[in-house]
Amino acid sequence: MQAIVGYHRPESLAAALSLLNRKSPRSVVLAGGTSLNASESSQPIEMIDLQAIGFDQIRSGSAVVEIGAMVRLSDLAAHQAIPELLRELTTREGPNTLRNAATIGGTIATGHPDSELVAGCLVYQGRVTLATAGGATQSVELNELLADRSKLEGSIIIGLEIESGGTAAAERTGRTPSDLSIVAAVGRRTVAGVRLALTGTASTPILVEPDAIADLEPPGDFRGSSAYRRHLAQTLTRRVTEQLGEPS
Ligand SMILES: Cc1cc2nc3c(=O)[nH]c(=O)nc-3n(C[C@H](O)[C@H](O)[C@H](O)COP(=O)(O)OP(=O)(O)OC[C@H]3O[C@@H](n4cnc5c(N)ncnc54)[C@H](O)[C@@H]3O)c2cc1C
C-alpha cells in the first residue's frame, strides 16, 4: 500500500500545479487511483486529487476528438464520437469496476506496456496537452511522451486529441480471450498511409514500421519469451495489415 502522508483536492489547475511543484514533500497527482492506490511503494507521498479541476468532457470536431484527461474509461467506451475500434479497445482495459474509476489521463501517464487503448491512441495520432509548472500549456505527440517520461515531471496532462477518420483493425493473442494480451497489434489506414502500434514488445506501447519488427527485442516474461513476442508481433501485424487492405 502506498504511504500517503497528505491529501489535497485543489479546485483549479493552477492550484494543482502549484502543489505539485513544491520542493517537498514528494507529491503526485491522483486521477482514478486504480494504479496509484495499488502501488506498494513505501516512499511517503502527498496526493493531489484532480477530480475537482474539470477536464472531464469529450468534444468532437470535424476531424478530431478532444478528450479531457479526467474522462473515465467507461465514459470513453460509451461515447459515440470515439472511433468504434478505440471504444472496443477501451473495454479491454481491466474489469468494468476499474474502468468506472480509471481516467484516460492516468492511462496515458501509466503507459502500461500491455495497454491496447494506448496503442489505439497512437494509431489515431494522439496528441497530449500538458499543463506545465509555470502554467503554460504544451502539446506533445503521444509517442514522444511515452518515449520520454521526463516531460511529465511537474506537469499535468489535461487532455488528449485524436483524429477520428480512417479504417482501423486490431489483433491480439492472450492466454485466454479475457486476459491481458501477450502481444496486440493495432493499425489504421488513412489517405496519409498506415500507422501500426504494438503492445507487449517494449516498456510502453510503441509505433512501428513492419520492416523494423524483426529487430525488436521485447522483454520476455512468464507469459511469453522475447522471441515468441517478436513472432506474435510479426504475425499479428500481418493480419492487421491484411484487414486494412489496399488504399482505395
Ligand atoms: C486490477 C487492475 C487491472 C489493471 N488492468 C490494466 C489494463 O488492463 N491495462 C492497463 O493499461 N492498465 C491496467 N491497470 C493499471 C491502471 O489501472 C491503469 O493504467 C489506469 O488506467 C490508470 O488510470 P487512473 O486514472 O486510475 O490513474 P491513477 O492510478 O490515479 O494514476 C496513475 C499514474 O498516473 C499519474 N497521473 C494520473 N493522471 C494524471 C494526469 N492527468 N497528469 C499527469 N499524471 C497523471 C499518477 O500520478 C500516477 O503516477 C490495472 C490496474 C489494476 C489494479
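Everything that follows concerns the structure shown earlier in this document.
Residues numbered from 1 in each chain as written. Predicted model: local features only at pLDDT ≥ 70, side-chain atom pairs only at ≥ 80, totals over all residues.

Draft legend 1. Representation of the site of the ligand. Within the structure, the ligand sits among 30 residues, and Gly32, Gly105, Gly106, His112 and Ser115 are positioned closest to it. Within the residue set of the shell around the ligand, elements represented by two or more residues are β2 (27–30), α5 (104–110) and β8 (156–163). Residue contributions to the shell around the ligand peak at five residues, all from α5. Each residue belonging to the shell around the ligand can be placed in one class, and the counts come to 16 nonpolar, 12 polar and two charged. Residue contributions to the shell around the ligand reach at least three from each of two domains, namely domain 1 (4–49) and domain 2 (58–163). (Near = placed C-beta within 6 Å. Helix = DSSP H or I, 4+ residues; strand = E, 2+ residues; numbered from the N terminus. Nonpolar A, V, L, I, M, F, W, Y, C, P; charged D, E, K, R; others polar. Domains from an automatic or database assignment.)

Draft legend 2. Spatial organisation of the pairing of β8. Among the eight residues that make up β8, six are buried, leaving the element largely enclosed by the rest of the structure. Bridging between strand β5 (residues 64–68) and β8 involves five bridges; their strand directions are antiparallel. Its bridge partner being in β8, Ile67 is matched across the sheet by Leu160. Bridge count between strand β6 (residues 127–131) and β8: five bridges; the pairing is antiparallel. When the sheet's bridge partners are listed, Val128 is paired in β8 with Leu160. (Buried ≥ 20, exposed ≤ 12 C-beta atoms within 10 Å, placed from the backbone. Pairing = 2+ DSSP bridges.)

Draft legend 3. Up close: the nonpolar core. Membership of the largest hydrophobic core comes to 59 residues, with the highest contact counts inside it found for Ala185 and Ala197. With six residues, helix α6 (residues 116–123) is the single largest residue contributor to this core. (Core = buried A, V, L, I, M, F, W, Y, C linked by C-beta atoms within 7 Å.)

Draft legend 4. Region of interest: helix α8 (residues 226–244). With 19 residues, α8 extends 27 Å between its outermost C-alpha atoms, agreeing within 8% with the 27 Å of an ideal straight helix rising 1.5 Å per residue. Within α8, burial applies to Arg229, Arg230, Leu232, Ala233, Leu236, Thr237 and Val240. Looking straight down α8, one finds that the buried residues subtend no more than 160° of arc, so they occupy a single side. Exposed side chains of α8 directed beyond 90 degrees from the buried face belong to Ala227 and Glu242. (Expected span 1.5 Å × (residues − 1). Arc of directions from axis to C-beta.)

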